[in-house]
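Residue-level structural notes
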Amino acid sequence: MATTFPRQHARTHRFSLGAPRALTAAPDGSRVVFLRSRNGTDQAQLLWVRQVSGERPPKAGPGGAARDPETAEPSTTPQVREVGGAQGAGEDREYVAADPAALLTGSAEELSAEERARRERSRETGAGIVGYATDAAVELAAFSLSGRLFTAELRAGTARELPATGPVIDPRPAPDGRSVAYVSRGTLRVVGADGTGGRDVATPESASVSYGLAEFIAAEEMSRTRGFWWSPDSSHLLVARVDDAPVSRWWISDPAHPANEPTPLVYPAAGTANAEVTLRLVDVESGAHTPVEWDREGYPYLARAHWSDAGPPLLLVQSRDQRRQRCLSVDPATGATATLAEEEDPDWLELFAGVPAWTPDGGLLRVQDLDGARRLTVDGEPVSPAALHVRAVLDVGERDVLVSASAAGDEERVAPGEFGVHRVPLPGSVGAASGCAPVLPPADADEPTGPAIRGAVRGGDLLVLSTAALEFPGSRVTVLRQRPDASVERLAAIASYAETPVLRAAPTLLHTGERGIPAAVTLPTGYREEDGPLPVLMDPYGGPHAQHVVAAHNAHLTARWFADQGFAVVAADGRGTPGYSPGWEKAISRDLARVVLDDQVEALSSLAGRFPLDLDRVAIRGWSFGGYLAALAVLRRPDVFHAAVAGAPCVDWRLYDTHYTERYCGTPRDDPDTYASASLVTDEGLSGAAPGPHRPLMLIQGLADDNVVAAHALRLSSALLAAGRPHEVLPLSGVTHMPSREDVAENLLLFQVDFLKRSLGLPRGA
């Protein structure tokens, strides 16, 4: 049977399997560590090492992890996949440092409830080694498998299990590599890297307390997925204590298995109590605890923590309304904090990866919104140009900072969907006068000639650049050496084993409408002008922190498949989406529904003048915020949208979490009108729905979803029924927020296209 796109898309987990990920570059510039499965359909991730200079071949060790990377068979001799270069010292090699199949001796992986919850927060759908942490030298890696603790000697390519109290969560080696800290059932423990000296260092006082874990809000909304940080000298730990006793308890039931007890869910809905989060400094040797003190009443959110050898611990704490925040330094001896910087914003203060941090000479590095631009600052002074929209800090070096950034501005926009890696010189460093510059591979490298998106990690002078583009599927990972003059030389490539899609994406990226809305348009393969106007499928996410219009081939594969079913597929990133300016992102403040919907309508109408769009047959589909936007479209603008598929839609914002919802809408008590206008249902029924006509709407909902709970879809369905509005509901038993089961993911695409064709009166079938 020929492989269809829906089947391949599902089997390959959206073509992510087999691709290198979670890359780490050693500070001595000798190797790159990463995760990758053996092929494009194997879910089990292995820990790999790519040696680029001065390394010895790996030796078989206690964990039995040194195996032939092609056959996966165990071996009693060192197994190294040669990838070029001279033999012996200095040769390039790639080898497996830890293989989950060998370490578990063929047993099936078993996940604890805590580990499943962590993976749901990170939307992790893989298996095997899905995450790891290393010591400062990137010599030792630690990870968990089936709730057990393992370490890998990265130079030798060997792995071993350490004695531990399970289930093990988030193991992290000390910077000196002599011990490993991990969490088990809310207790923070430390064990020697040799397996000796295991002990508790922070024990919960009650069932509602945990040490060393990120609370739900931090992991889901702040991108803070960890709850403890080692001191640079490995003597202390900065540890989050979380007490979720004040948080509401909800219940996730399994209607398909009524004998099963419902699963409790600690969920802080908008306007309700959050978990109480405090910090302790823990002496690893003595076990002594020192509380860290700050104004938790005024700044209850612990958004970021950072501890490096460039200075004392740094904290970023936010007010409940996220309009005020403080950057604090911590005295490691007393736990006292001092305010280094304060910020306020009338809408909200965005959080950024990699900051706050210290520069090597003790400057405070932040990303700030200044005069309408998002800039990198040192001690409050901008060091990146206003024309560059800084998105994240990737690495802080001796002379410069690597940032992820895109072209800034709301006027005269260029390069839709493109962002890259830029080098920002630190003040006073060699080369500072040359200014900020993009980081690109050498001209002779096999690189795209058109728009692309790039990311990077760095260790010492070793730079690992990941590139995705419209010109080729997947991404390419290139290992570079950065010279003192900031130029780079290409050392090697890290291969991807991801499958090649059976389709070829070919979107047109552009800015459209008076606002210059980023858009992507995909027409059917072989479309000719004489074929006439096409029914339209709007395919947005359209909300905060995510872009659909990106210069990456694989991002548009599903659009290509829908287009080949007879649609012109349009994705539009309206106001509220990231990438251009603080004003563009914050235009949705207290006006969520109107702004995002208006921009979809504007994009559609403006594109109709350039593309063959039949505006009498317009459908819209989306998932999560995109699902909300799809349902919003047919209920409030049925004059424009004629059918919708809404997957996991958040339709009553009172039922979504505190940190996300209150950022845009305030609280239900203080801003009831904002919630009523943003929501599709209230206690009185449908909210803001146009009187007619009634358009076909399919609701898709995972019944095990602990992010957008099933109550959203069920309440909307009840309100639609009470209002006499026909609709369809597709409940997914046992499925969470992101369906990962192959059969479910494949058939969801097929069901959607059948519904859309039926609703728009199009011919059905192949």
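None of these values were measured; they are calculated from a predicted model. Each residue is numbered by its place in its chain's sequence as written, counting from 1. Only residues with pLDDT of at least 70 get local features here, since the model is predicted, and only at 80 or more are side-chain atom pairs given and counted; chain-wide, interface and lining totals rely on the full set of residues. For the side-chain quantities, the full set of heavy atoms in the structure was used; hydrogens and water were omitted.

1. Thoughts on the overall build of the chain
Worth spelling out the cut-off: Strands here are runs of E lasting at least two residues and helices are runs of H or I lasting at least four, both read from the DSSP assignment and numbered beginning at the N terminus. Taken over C-alpha atoms, the radius of gyration is set against a globule rule of 2.2 Å times the number of residues to the power 0.38. The contact rule is simple, with two residues in contact once any of their heavy atoms fall within 4.5 Å. Where accessible areas are quoted, they stem from the Shrake-Rupley method and a 1.4 Å probe; at the residue level, only the protein chains shown are allowed to cover. For the purpose of charge, His is not counted, nor are the chain termini; Lys and Arg are scored as positive and Asp and Glu as negative. Every charge is mapped to an atom, namely NZ of Lys, CZ of Arg, CG of Asp or CD of Glu.
Check the secondary structure of the chain and you find twelve helices and 47 strands. Rg of the C-alpha trace for the chain: 26 Å, near the compact-globule value of 27 Å for 766 residues, within the 12% margin. The dimensions of the chain, computed from C-alpha atoms along their principal axes, are 70 × 65 × 55 Å. Residue pairs at least 24 apart in sequence account for 62% of intrachain contacts in the chain once pairs closer than 6 positions are excluded. Of the accessible surface of the chain, which amounts to about 29,300 Å², a share of 50% is contributed by carbon and sulfur atoms. Taking the average place of the 73 positive charges on the side chains of the chain and the average place of its 99 negative ones, the gap between the two points comes to 3 Å.

2. Regarding the sheet that holds strand β36 (residues 472–482)
Definition in use: In this description, strands pair whenever DSSP reports at least two bridges between them. To define axes, lines are fitted to C-alpha atoms, for helices over the stretch in contact only, and angles between the resulting N-to-C directions are given on a 0 to 180 degree scale.
As summarised here, the arrangement of the four strands in space is β34-β35-β36-β37, forming an open sheet in which the pairing is antiparallel. The open sheet has two free edges, formed respectively by β34 (452–459) and β37 (488–494), since each of these has just one partner strand. Going from strand to strand, the sheet's axes swing by 30° on average, the running direction of each strand aside. Bridge analysis of strand β35 (residues 462–469) against β36 gives eight bridges, and the strand direction is antiparallel. Bridge assignment links Ala469 to a residue of β36, and that residue is Phe472.

3. Some points on the packing of helix α7 (residues 592–607) against helix α8 (residues 625–636)
The cut-off we apply is this: Working rule for angles: under 35 degrees goes down as roughly parallel, over 145 as roughly antiparallel, 65 to 115 as roughly perpendicular, anything else as oblique. Residue classes follow a fixed rule: Ala, Val, Leu, Ile, Met, Phe, Trp, Tyr, Cys and Pro count as nonpolar, while Asp, Glu, Lys and Arg count as charged, and any other residue, Gly among them, counts as polar.
It is the contact of α7 with α8, at a shortest axis distance of 10 Å, that shows an interaxial angle of 80°. In terms of orientation, α7 lies roughly perpendicular with respect to α8. Residues Leu592, Ala593, Val596, Leu597 and Gln600 of α7 touch α8, and the partners they reach there are Phe625, Tyr628, Leu629, Leu632, Ala633 and Arg636. For the contact of α7 with α8, the residue count by class is nine nonpolar, one polar and one charged.

4. Brief notes about the side chain of Ser717
For the record, the criterion: Exposure categories follow from relative accessible area, calculated using a 1.4 Å probe and restricted to protein chains: below 20% of the type maximum is buried, above 50% is exposed, and the middle band is partly exposed.
With respect to the element layout, Ser717 can be found in helix α11 (residues 711–722). A relative accessible area of 17% places Ser717 in the buried class. Beyond its immediate stretch of four places on either side in the chain, Ser717 contacts Leu699, His727 and Val729.

5. Considerations on the sheet that holds strand β22 (residues 301–306)
The strands making up a sheet associate through backbone hydrogen bonding, with each pair oriented either parallel or antiparallel. An order of β22-β23-β24-β25 is seen for the four strands of this open sheet, with the pairing classed as antiparallel. Sheet topology places β22 and β25 (337–344) at the edges, where each strand pairs with a single neighbour. Each strand of the sheet is rotated relative to its neighbour by a mean of 20°, with strand direction disregarded. Note: strand β23 (residues 314–318) against strand β24 (residues 324–330), five bridges, orientation antiparallel. The residue bridging Gln318 from the neighbouring strand is Gln325, located in β24.

6. Description of helix α3 (residues 113–121)
Every buried residue of α3 is listed here: Glu115, Arg119, Glu120 and Arg121. Those residues of α3 hidden inside the fold are in contact with β6 (127–128), β11 (169–173) and α4 (216–222).

7. Here we look at the pattern of salt bridges
Formally: Salt bridges, as used here, are contacts in which a Lys or Arg side-chain nitrogen is within 4 Å of a carboxyl oxygen on Asp or Glu.
Under the defined criterion, the tally for this structure stands at 46 salt bridges. The partner of Arg38 in a salt bridge is Asp99, with the nearest N and O atoms 3.2 Å apart. Taken together, the residues span a long stretch of sequence, with Arg38 in the loop between β2 (31–36) and β3 (44–51) and Asp99 in the loop between β5 (93–98) and α2 (100–103) at a distance of 61 residues. Between Arg654 and Asp652 there is a salt bridge; the shortest N-O distance is 2.8 Å.

8. What to know about the side chain of Ser184
To be explicit about the condition: Here a polar contact is taken to be a pair of N or O atoms separated by no more than 3.5 Å, where protein atoms must pair a possible hydrogen donor with a possible acceptor and residues adjacent in sequence count only if both atoms sit in side chains.
Structurally, Ser184 is set in strand β12 (residues 179–184). A polar contact of 3.3 Å, which involves the side chain of Ser184, links it to the backbone oxygen of Pro167. Leave out the neighbours within four places in its chain, and Ser184 touches Thr165, Gly166 and Pro167.

These results come straight from atomic positions and should not be treated as a statement about function.
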